Amino acid sequence: MTHDELTLIMQTLHFAADRHRDQRRKDRQASPYINHPIAVAEVLSAIGGVQDAVTIAAGILHDTIEDTETTAAEIEARFGHEISEVVEEVTDDKTLSPDLRKQLQIDQAHLKSGRARLVKLADKICNVRDIVEYPPDGWSAERKRRYIAWASAVVDRIRGINKPMEEYFDTLHDRAQAHLSLNASE
Ligand code: ZN
(Lines give C-alpha, C1' and ligand atoms only; values in the text may rest on other atoms or scores of the structure.)
Protein backbone atom coordinates (compact mmCIF):
# COMPACT_ATOMS: atom_id res chain seq x y z
CA MET A 1 0.00 0.00 0.00
CA THR A 2 1.37 3.42 -0.91
CA HIS A 3 1.56 6.41 1.42
CA ASP A 4 -1.24 8.11 -0.54
CA GLU A 5 -3.46 5.06 -0.05
CA LEU A 6 -2.73 4.94 3.67
CA THR A 7 -3.58 8.64 3.93
CA LEU A 8 -6.82 8.04 2.03
CA ILE A 9 -7.79 5.28 4.47
CA MET A 10 -7.06 7.53 7.46
CA GLN A 11 -9.24 10.20 5.86
CA THR A 12 -12.13 7.77 5.39
CA LEU A 13 -11.78 6.75 9.07
CA HIS A 14 -11.89 10.36 10.18
CA PHE A 15 -14.89 11.03 7.94
CA ALA A 16 -16.84 7.93 9.01
CA ALA A 17 -16.11 8.57 12.72
CA ASP A 18 -17.48 12.07 12.30
CA ARG A 19 -20.62 10.96 10.40
CA HIS A 20 -21.45 8.15 12.83
CA ARG A 21 -20.54 10.20 15.91
CA ASP A 22 -24.02 10.24 17.45
CA GLN A 23 -24.89 6.61 16.64
CA ARG A 24 -24.57 3.55 18.83
CA ARG A 25 -24.68 -0.17 18.06
CA LYS A 26 -27.60 -2.27 19.34
CA ASP A 27 -25.55 -4.28 21.86
CA ARG A 28 -26.11 -4.03 25.60
CA GLN A 29 -23.17 -1.65 26.03
CA ALA A 30 -24.42 0.54 23.16
CA SER A 31 -20.90 0.65 21.69
CA PRO A 32 -19.96 3.54 19.42
CA TYR A 33 -21.21 2.81 15.88
CA ILE A 34 -17.78 3.43 14.34
CA ASN A 35 -16.51 0.20 15.95
CA HIS A 36 -18.52 -1.65 13.28
CA PRO A 37 -16.99 -0.11 10.10
CA ILE A 38 -13.54 -0.42 11.71
CA ALA A 39 -14.24 -4.13 12.36
CA VAL A 40 -15.35 -4.59 8.72
CA ALA A 41 -12.10 -3.05 7.45
CA GLU A 42 -10.11 -5.18 9.89
CA VAL A 43 -11.83 -8.39 8.72
CA LEU A 44 -11.15 -7.48 5.07
CA SER A 45 -7.48 -6.98 5.80
CA ALA A 46 -6.69 -9.47 8.59
CA ILE A 47 -8.90 -12.38 7.52
CA GLY A 48 -9.51 -11.69 3.84
CA GLY A 49 -5.95 -10.61 3.10
CA VAL A 50 -7.41 -7.74 1.06
CA GLN A 51 -4.76 -5.18 0.11
CA ASP A 52 -6.83 -3.05 -2.23
CA ALA A 53 -7.19 0.43 -0.73
CA VAL A 54 -10.49 1.11 -2.54
CA THR A 55 -12.09 -1.96 -0.95
CA ILE A 56 -10.77 -1.12 2.55
CA ALA A 57 -11.90 2.51 2.21
CA ALA A 58 -15.35 1.41 0.97
CA GLY A 59 -15.54 -0.99 3.95
CA ILE A 60 -14.95 1.91 6.33
CA LEU A 61 -17.54 4.08 4.56
CA HIS A 62 -20.05 1.28 3.84
CA ASP A 63 -22.82 2.47 6.18
CA THR A 64 -22.40 6.24 5.77
CA ILE A 65 -24.98 6.68 2.98
CA GLU A 66 -27.46 4.21 4.43
CA ASP A 67 -27.30 5.33 8.05
CA THR A 68 -26.24 9.00 8.01
CA GLU A 69 -27.03 12.10 5.97
CA THR A 70 -24.05 11.44 3.69
CA THR A 71 -24.69 11.36 -0.07
CA ALA A 72 -22.91 9.43 -2.80
CA ALA A 73 -21.96 12.74 -4.44
CA GLU A 74 -20.22 13.83 -1.28
CA ILE A 75 -18.22 10.61 -1.06
CA GLU A 76 -17.33 10.91 -4.73
CA ALA A 77 -16.15 14.51 -4.27
CA ARG A 78 -13.97 13.59 -1.29
CA PHE A 79 -12.76 10.11 -2.08
CA GLY A 80 -13.33 9.57 -5.79
CA HIS A 81 -15.70 7.70 -8.06
CA GLU A 82 -14.36 4.18 -7.48
CA ILE A 83 -14.98 4.33 -3.74
CA SER A 84 -18.38 6.02 -3.98
CA GLU A 85 -19.50 3.41 -6.50
CA VAL A 86 -18.73 0.54 -4.11
CA VAL A 87 -20.40 2.29 -1.17
CA GLU A 88 -23.49 2.87 -3.33
CA GLU A 89 -23.54 -0.79 -4.32
CA VAL A 90 -23.72 -1.89 -0.67
CA THR A 91 -26.33 0.71 0.28
CA ASP A 92 -29.94 -0.45 0.67
CA ASP A 93 -32.75 1.68 -0.71
CA LYS A 94 -34.37 2.92 2.47
CA THR A 95 -37.58 3.91 0.68
CA LEU A 96 -38.33 0.16 0.45
CA SER A 97 -39.72 -1.94 3.31
CA PRO A 98 -37.21 -3.80 5.51
CA ASP A 99 -38.49 -7.16 4.23
CA LEU A 100 -38.10 -6.19 0.58
CA ARG A 101 -34.63 -4.78 1.26
CA LYS A 102 -33.61 -8.06 2.86
CA GLN A 103 -34.98 -10.04 -0.09
CA LEU A 104 -33.18 -7.78 -2.59
CA GLN A 105 -29.88 -8.31 -0.78
CA ILE A 106 -30.28 -12.04 -1.43
CA ASP A 107 -31.52 -11.62 -5.01
CA GLN A 108 -28.87 -9.10 -6.06
CA ALA A 109 -25.76 -10.15 -4.09
CA HIS A 110 -24.27 -12.09 -7.00
CA LEU A 111 -24.72 -9.13 -9.37
CA LYS A 112 -22.45 -6.85 -7.35
CA SER A 113 -18.86 -5.99 -8.24
CA GLY A 114 -16.05 -8.00 -6.64
CA ARG A 115 -15.23 -5.15 -4.28
CA ALA A 116 -18.85 -4.77 -3.18
CA ARG A 117 -19.12 -8.51 -2.57
CA LEU A 118 -15.99 -8.44 -0.38
CA VAL A 119 -17.43 -5.58 1.70
CA LYS A 120 -20.78 -7.37 2.00
CA LEU A 121 -19.12 -10.57 3.13
CA ALA A 122 -17.05 -8.75 5.78
CA ASP A 123 -20.18 -6.87 6.90
CA LYS A 124 -22.15 -10.10 7.36
CA ILE A 125 -19.22 -11.64 9.25
CA CYS A 126 -19.12 -8.71 11.67
CA ASN A 127 -22.87 -8.67 12.18
CA VAL A 128 -23.12 -12.40 12.84
CA ARG A 129 -20.08 -12.26 15.14
CA ASP A 130 -21.69 -9.42 17.08
CA ILE A 131 -24.90 -11.43 17.48
CA VAL A 132 -22.91 -14.24 19.07
CA GLU A 133 -20.47 -12.17 21.13
CA TYR A 134 -22.33 -8.94 21.86
CA PRO A 135 -26.00 -9.73 21.27
CA PRO A 136 -28.37 -6.88 20.50
CA ASP A 137 -30.36 -5.92 23.56
CA GLY A 138 -33.81 -7.50 23.62
CA TRP A 139 -33.38 -9.86 20.64
CA SER A 140 -34.97 -13.27 21.19
CA ALA A 141 -33.15 -16.45 20.14
CA GLU A 142 -35.66 -16.73 17.29
CA ARG A 143 -34.89 -13.26 16.00
CA LYS A 144 -31.14 -14.00 16.13
CA ARG A 145 -31.74 -17.29 14.28
CA ARG A 146 -33.72 -15.52 11.58
CA TYR A 147 -31.03 -12.87 11.14
CA ILE A 148 -28.26 -15.48 10.87
CA ALA A 149 -30.27 -17.53 8.35
CA TRP A 150 -30.76 -14.42 6.23
CA ALA A 151 -27.07 -13.41 6.45
CA SER A 152 -26.17 -16.94 5.38
CA ALA A 153 -28.49 -16.77 2.39
CA VAL A 154 -26.78 -13.55 1.27
CA VAL A 155 -23.31 -15.04 1.79
CA ASP A 156 -24.30 -18.14 -0.21
CA ARG A 157 -24.91 -15.89 -3.24
CA ILE A 158 -21.48 -14.26 -2.84
CA ARG A 159 -19.34 -17.40 -2.47
CA GLY A 160 -16.28 -17.80 -4.64
CA ILE A 161 -14.88 -14.35 -3.91
CA ASN A 162 -12.65 -14.90 -0.85
CA LYS A 163 -12.08 -18.35 0.64
CA PRO A 164 -10.61 -17.33 4.03
CA MET A 165 -13.54 -15.01 4.75
CA GLU A 166 -16.08 -17.59 3.55
CA GLU A 167 -14.54 -20.24 5.82
CA TYR A 168 -14.47 -17.81 8.72
CA PHE A 169 -18.16 -17.07 8.13
CA ASP A 170 -18.94 -20.81 8.15
CA THR A 171 -17.11 -21.28 11.46
CA LEU A 172 -19.02 -18.35 12.95
CA HIS A 173 -22.27 -19.71 11.56
CA ASP A 174 -21.65 -23.09 13.25
CA ARG A 175 -20.77 -21.38 16.52
CA ALA A 176 -23.90 -19.28 16.29
CA GLN A 177 -26.06 -22.35 15.65
CA ALA A 178 -24.57 -24.17 18.63
CA HIS A 179 -24.96 -21.12 20.83
CA LEU A 180 -28.57 -20.56 19.76
CA SER A 181 -29.68 -24.13 20.21
CA LEU A 182 -28.08 -24.10 23.67
CA ASN A 183 -30.15 -21.05 24.42
CA ALA A 184 -33.24 -22.26 22.60
CA SER A 185 -35.39 -21.73 25.67
CA GLU A 186 -34.66 -17.96 25.60
ZN1 ZN B 1 -22.55 -2.66 8.18
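Residues numbered from 1 in each chain as written. Predicted model: local features only at pLDDT ≥ 70, side-chain atom pairs only at ≥ 80, totals over all residues. Heavy atoms only, no water.

1. Topic: the coordination of the zinc ion
Under the convention used in this document: A 2.8 Å cut-off from the metal defines N, O and S donors, relaxed to 3.2 Å for Na, K and Ca; water is not in the atom list, so some sites may appear incomplete. Every geometry call rests on angle ranges, with four donors termed tetrahedral when all angles are between 85 and 135 degrees, four termed square planar and six termed octahedral when opposite donors are over 155 degrees apart and all others are between 65 and 115, and everything else termed irregular. When accessible area is computed with a 1.4 Å probe and restricted to protein chains, residues below 20% of their type maximum are described as buried, those above 50% as exposed, and intermediate ones as partly exposed.
Bound to the zinc ion are the protein donor atoms His-36 (NE2), His-62 (NE2), Asp-63 (OD) and Asp-123 (OD), situated 2.1 to 2.5 Å from the metal. Geometry at the zinc ion is irregular, judged from the four donor atoms that bind it and their angles of 82 to 172° at the metal. Here the donor residues for the zinc ion map to a single chain with the spacing H-x25-H-D-x59-D. Each member of the pair His-62 and Asp-63 is classed as buried.

2. Remarks on the packing of aromatic side chains
Quick note on the threshold: Stacked, edge-to-face and tilted are the three classes for Phe, Tyr and Trp ring pairs, Trp counted by its six-membered ring, which pair at centre distances within 6.5 Å; planes under 30 degrees apart are stacked, over 60 edge-to-face, the rest tilted. Helix numbers and strand numbers start at the N terminus; a helix is a DSSP run of H or I with at least 4 residues, a strand a run of E with at least 2. In this scheme, the term charge over a ring applies when either NZ of a lysine or CZ of an arginine sits within 6 Å of the ring centre and within 35 degrees of the ring normal.
Counted according to the given criterion, the structure contains three aromatic pairs. Centre to centre, the rings of Trp-139 and Tyr-147 are 5.9 Å apart; their planes meet at 55°, and the pair counts as tilted. The pair Trp-139 / Tyr-147 is uniform in exposure class, with both members buried. With a centroid separation of 5.3 Å and 70° between ring planes, the pair formed by Tyr-147 and Trp-150 is classed as edge-to-face. In this pair, Tyr-147 and Trp-150 are both assigned in helix H9 (residues 141-158), three residues apart and thus about one turn of the helix distant. Taking the relative accessible area as the measure of exposure, Tyr-147 reaches 12% and is therefore buried. Owing to a relative accessible area of 12%, Trp-150 belongs among the buried residues under this scheme. Among the aromatic residues, those joined into a ring-pair cluster are Trp-139, Tyr-147 and Trp-150. Lying over the aromatic face of Tyr-33, Arg-25 brings its terminal NZ or CZ to 5.3 Å of the ring centre. The ring of Trp-150 is capped by Lys-102, whose NZ or CZ atom sits 4.7 Å from the centre of that ring.

3. A few points about the environment of Ala-122
Short version of the rule: Note on contacts: a residue pair is in contact if any heavy atoms of the two residues lie within 4.5 Å.
Position of Ala-122 among the secondary structure elements: in helix H8 (residues 114-133). For Ala-122, a relative accessible area of 0% corresponds to the buried category. For the pair Ala-122 and Val-43, spaced 79 residues apart in sequence, the C-alpha to C-alpha distance is 6.0 Å. Those residues in contact with Ala-122, other than ones at most four positions away along the chain, are Val-40, Val-43, Leu-44 and Met-165.

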